[in-house]
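The lines below spell out each chain.
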Amino acid sequence: MKSLAELEAIRQRTLERINLRREDESTNIRVVIGMATCGIAAGARPVMMAFMDEINKRGLKEVTVSQTGCIGMCRLEPMVDVYLPGKEKVTYVHMTPEKVGRVVAEHIVNGRPVTEYTIGAAEDK
Amino acid sequence: MRDLSLHILDLAENSVRARATLVRIGVKADEKRLITLTIADDGCGMSPELLRTVMSPFGTTRTTRKVGLGIPLMAQNARLTGGDIAIESQEGKGTTFTATLHGDSIDCLPLGDLAGTVASLVTLHPDGPDFVLECSSPKGSMCFDSREVRAALGGVPLNEPEVAAWMLDSIREELEPIFGGVIL
């Protein structure tokens, strides 16, 4: 049975590193997922949960996941923007939970965008 | 939308945009397999004029496009089962959205991952609003309240991946005996 007591343990584990993160905004990586009606209908929620799961499993401390509304390219949803500090935004389109592992490993951890999943690759087709 | 939990996720976002501080999500199934979904918020509410337009796919407050499909899609899926939707709203007080669906109908969507919906909502809005999930069926009932999680966590934000994982497991565990993984 899950209990609120477990949250206390999480609190103690994470409080320190959150304070560290607040002091150093420059290393923050942002993952932004389109979660309007179009994104949700196309499968944005499982993609978002796959990101949370992967970040949790790898213990990545400086990544935050957030959402945005519809940006008018509904046919490319689910879309995900990844912001690395000091780099240009990379937009991934037609995302699936299966693609998330590679984006986290290659782009977020190692800094090399997965070109074949990006909007540039999709528009060239 | 493939299941009811995705509709709930979509419609609860309307409450967030209405600057609610508390969003109550209810899923109830009775002995006759009548399913009642409610999303009640204390947001800005809607004027009678706006309320008339939200049922139409061509009504939206958005400025990027002229369509808003969240409510019309839910209405269509409710009516396909012989059910319907209702919206009560008072400016400054909040809005309550209700959908009824007949679970016996072959056109009734499955419930889907309700725990995923609620965990996502809390994770994506760590600074509020708070979300309450109340579910019941003839097999039992449960209640999840993000305010309790917030209080237990002290200063730790609700979008920590470990917290999201905890919420997901915790809600799933509580829902299992009520809906048995599915709504019926």
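Starting afresh in each chain, residues are numbered from 1 along the sequence in its written order. Chain letters start at A and ligand numbers start at 1, both assigned in the order the entries are written. Side-chain atom pairs in this predicted model are given and counted only at pLDDT of 80 or more, local residue features only at pLDDT of at least 70, and totals for whole chains, interfaces and linings cover all residues.

A. Fine view of the overall build of chain A. Secondary structure elements are taken from DSSP: a helix is a run of H or I of four residues or more, a strand is a run of E of two residues or more, and numbering for both begins at the N terminus. Regarding its fold elements, chain A presents five helices and four strands. Expressed along its principal axes, the backbone C-alpha trace of chain A runs to roughly 50 × 35 × 25 Å. With C-beta atoms placed from the backbone, a residue is labelled by how many other C-beta atoms lie within 10 Å of its own: buried for 20 or more, exposed for 12 or fewer, partly exposed between the two. In chain A, which comprises 125 residues, the share counted as buried stands at 33%. Restricting the contact set of chain A to residue pairs at least 6 apart, pairs at least 24 apart contribute 69%. Whether two residues are in contact is decided by their C-beta atoms, placed from the backbone, lying within 7 Å.

B. Region of the structure containing unusual backbone geometry. Backbone torsion omega between Glu77 of chain A and Pro78 of chain A reads -10°, so that peptide bond is classified as cis. Looking at the secondary structure, you find Pro78 of chain A in the loop between β2 (63-68) and β3 (80-83). Residue Pro129 of chain B is bonded to the preceding Gly128 of chain B through a cis peptide linkage, with omega at 5°. Along the chain, Pro129 of chain B falls in the loop between α4 (114-124) and β5 (130-137). Positive phi, close to 50°, is recorded for His94 of chain A, a residue that is not glycine. In this structure, Arg33 of chain B is a non-glycine residue whose phi angle is positive, near 60°.

C. Just the nonpolar core, in detail. Within the largest apolar cluster, 81 residues are counted, with the highest numbers of intra-cluster contacts made by Val118, Met167 and Ile171 of chain B. Discounting chain neighbours no more than four positions away, the residues touching Met167 of chain B are Ala119, Val122 and Val149 of chain B. Here a nonpolar core is just a set of buried residues of the types Ala, Val, Leu, Ile, Met, Phe, Trp, Tyr and Cys, joined wherever their C-beta atoms sit within 7 Å.

D. Expanded view of the environment of Thr91 of chain A. Residue and element names in this part refer to chain A. Tracing the backbone through its elements, the reader meets Thr91 in strand β4 (residues 90-92). For Thr91, a count of 20 C-beta atoms within 10 Å puts it in the buried group. Sequence separation of Thr91 and Gly120 is 29 residues, and the distance between their C-alpha atoms is 8.3 Å.

E. The packing of α4 of chain B against helix α6 (residues 161-179) of chain B, seen in detail. All names here are of chain B. For the pair α4 and α6, interaxial distance at closest approach is 9 Å and the crossing angle is 150°. Relative to α6, α4 is oriented roughly antiparallel. As for the relative orientation of α4 and α6, their crossing is right-handed in sense. Between α4, through Leu114, Ala115, Gly116, Val118, Ala119, Val122 and Thr123, and α6, the contact on the second element is made entirely by Ala164, Met167, Leu168, Ile171, Arg172 and Leu175. Residues belonging to the contact of α4 with α6 are distributed by class as follows: 10 nonpolar, two polar and one charged. Helix axes are fitted to C-alpha atoms over the stretch in contact, other axes to C-alpha atoms as well, and angles between N-to-C directions run from 0 to 180 degrees. Orientation is classified from the angle alone, with under 35 degrees giving roughly parallel, over 145 giving roughly antiparallel, 65 to 115 giving roughly perpendicular, and any other angle giving oblique. Put simply, a crossing is left-handed when the front helix is turned counterclockwise from the back one by less than a right angle, and right-handed when it is turned clockwise. Three residue categories are used. Nonpolar comprises Ala, Val, Leu, Ile, Met, Phe, Trp, Tyr, Cys and Pro, charged comprises Asp, Glu, Lys and Arg, and polar comprises the others, including Gly.

F. Representation of the interface of chain A and chain B within the structure. Listed by partner, the interface residues are 26 residues for chain A and 33 residues for chain B. If one sorts the elements of the side of chain A that touches chain B by residue count, helix α1 (residues 4-23) of chain A sits on top with nine residues.

G. Spotlight on the sheet that holds strand β1 (residues 29-34) of chain A. Residues and elements named next belong to chain A. Strand pairing is defined by DSSP finding a minimum of two bridges between the two strands. The strand order across the open sheet built from four strands is β2-β1-β3-β4, with neighbouring strands paired in mixed fashion. A single partner strand is all that each edge strand has here, and the edge strands are β2 and β4. Within the sheet, the average angular offset between the axes of one strand and its neighbour, ignoring direction, is 20°. Against the sheet, helix α3 (residues 44-58) contacts β1, β2 and β3, and its axis sits at roughly 160° relative to β1. Its contacts with the sheet place helix α4 (residues 97-109) against β1, β2, β3 and β4, and it is angled at close to 30° to β3.

H. Region of the structure containing the confidence of the model for chain B. Per-residue confidence for chain B gives a mean pLDDT of 91, with 93% of residues at or over 70. With pTM at 0.91, the complex prediction returns an ipTM value of 0.88. The score called pLDDT rates the predictor's confidence residue by residue, from a low of 0 to a high of 100.

I. Region of the structure containing the sheet that holds strand β4 (residues 94-102) of chain B. Residues and elements named next belong to chain B. The strand order across the open sheet formed by six strands is β3-β4-β2-β1-β5-β6, and the pairing between neighbours is mixed. Strand pairing shows two members of the sheet lacking a second neighbour, β3 (84-90) and β6 (140-145), which therefore form its edges. When strand polarity is set aside, the average angle formed by the axes of neighbouring strands in this sheet is 10°. Sheet topology note: the β5/β6 ladder contains six bridges and is antiparallel. Counted as the bridge partner of Cys135 is Met142 from β6.

J. Local environment of α4 of chain B. Across the 11 residues that make up α4 of chain B, a large majority, 11, are buried. Along α4 of chain B, the residues that are buried comprise Leu114, Ala115, Gly116, Thr117, Val118, Ala119, Ser120, Leu121, Val122, Thr123 and Leu124 of chain B.

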